[in-house]
Amino acid sequence: SKKGTTPRTTPKSKKEAIPKAQPQASQKHEVPFGAYDNILLVGEGDFSFAHSLCTEHGCANVTATSFDAGEDVEIKYSQFEKIQSDLLELTPPVPIHHSIDATKLSAYKSLRHKNEDGNEEPWDTVAFMFPHTGGLSTDVNRQVRANQALLVGFFESCLEMKSTKPSAAGVQAKDGPAPQKKKKKNSSGRMPFLKVGGKVIVTLFEGSPYTLWNVRDLARHTGLKVVESFKFCFADYPGYSHVRTLGTIKGDGGWKGEEREARMYVFEKVATEPEQGEEKAGLKENAARKKMRNGDGLKRGRESDEDEED
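Here is a short report on the structure shown in this document.

Calculation rules
- Residues numbered from 1 in each chain as written.
- Predicted model: local features only at pLDDT ≥ 70, side-chain atom pairs only at ≥ 80, totals over all residues.
- Heavy atoms only, no water.
- Helix = DSSP H or I, 4+ residues; strand = E, 2+ residues; numbered from the N terminus.
- Buried < 20%, exposed > 50% of the residue type's maximum accessible area, 1.4 Å probe, protein only.
- Areas by Shrake-Rupley, 256 points an atom, 1.4 Å probe, with all protein chains shown as cover.
- Core = buried A, V, L, I, M, F, W, Y, C linked by side-chain atoms within 4.5 Å.
- Patch = residues over 30% accessible without salt bridge, like charges linked within 9 Å, V, L, I, M, F, W, Y side chains within 5 Å.
- Salt bridge = Lys/Arg side-chain N within 4 Å of Asp/Glu carboxyl O.
- Lys, Arg positive; Asp, Glu negative; His and termini not counted.
- Charge placed at Lys NZ, Arg CZ, Asp CG, Glu CD.

## Some words on the overall build of the protein chain
At step 1: Within the protein chain, the regular secondary structure consists of eight helices and seven strands.
At step 2: Taken over 310 residues, the protein chain has a buried fraction of 40%.
At step 3: Carbon together with sulfur atoms contributes 50% to the accessible area of the protein chain, which is approximately 18500 Å² in total.

What follows is the structure, encoded as structure tokens:
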């Protein structure tokens, strides 16, 4: 070599010359839950997903529900007691509701979201993590149809549509009001359950039989817009563990959801003129009431008159 230079060496193999590409941070999908979004979680098992959203992602407005009754959740999932304690100690505490049927969400008065002023507001996001009816049958076709009925009922409830068939999810929730046979999409002056442009999120495992459910087509059929789908990463939600509908298996047996590939689907509520008008009118009314409490705007006598008309 020449003076002051270092001789260039040739790599022995191509493997040494070209290092293995590392995944870029930009390829990682962002968590589709905003810190200040009004989030309703449906079909929680041990409520560990709600716990992760609140403690790891700082989501401040989360309400979590389970299909099982409270005593059944305690029996099925031994970790629930600690998770529930953590959620209730947060400020503000996380509302927890049991015996909630995901196909009848809009029928529950307790699930109508209210803001800090006590006025009703629509949800920003409704999420159903790994929905499943349980082992209703060993026949694959029957299982597929049952879970499709569950998803359709869930989508329709988020949109406050009249269900065409009874849900295969199970019996009517114990602590909720029975849904009326004849039900309008929205009563006059009532805030929509899910806001226009709001998200409906469903997470499913990859592969059969879950791909047979055709979740995208079911969502389109009910009027939702398919926004995107992406690989679901359990590591994005520290502390969250997938649990089965039959509960924790003794001896930690059975397959683990965290070891399987999964996918998250994001749908959106499309704007319709009647609902968009009702939502704007409701938000305007909330703003007017807030002004009245602050001493300006309309008089309280006017507000009471409007209440009587409602």
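## Focus on the environment of phenylalanine 232
At step 1: Topologically, phenylalanine 232 is positioned in strand E6 (residues 224–232).
At step 2: In this structure phenylalanine 232 comes out as buried when scored by relative accessible area, which is 4%.
At step 3: Note: C-alpha distance between phenylalanine 232 and leucine 204 (28 residues apart in sequence) is 8.7 Å.

## Some words on the nonpolar core
At step 1: Core analysis: the largest hydrophobic core is formed by 62 residues, its most contacted members being Phe33, Leu105, Val126, Phe154 and Phe155.
At step 2: In terms of residue count, helix H5 (residues 140–158) provides more of this core than any other element does, seven residues in total.

## Comments concerning a negative patch on the surface
At step 1: Judged by side-chain charge, Glu71, Asp72, Glu74 and Glu81 come together as a negatively charged surface patch.
At step 2: Per element, the largest residue contribution to the negative patch is three residues, and it comes from helix H3 (residues 70–76).
At step 3: The residue glutamate 74 is located in helix H3 in this model.

## What about unusual backbone geometry?
At step 1: Residues threonine 91 and proline 92 are joined by a peptide bond in cis, for which omega reads -5 degrees.
At step 2: Position of proline 92 relative to the elements: it lies in the loop between helix H4 (80–89) and strand E3 (96–97).
At step 3: The omega torsion of the bond from serine 208 to proline 209 falls at 5 degrees, within 30 degrees of zero and hence cis.
At step 4: In this structure, proline 209 sits in the loop between strand E5 (194–205) and helix H6 (215–222).
At step 5: Phi is positive for serine 99, which is not a glycine, with a value near 55 degrees.
At step 6: Here serine 99 shows up in the loop between E3 and strand E4 (123–129).

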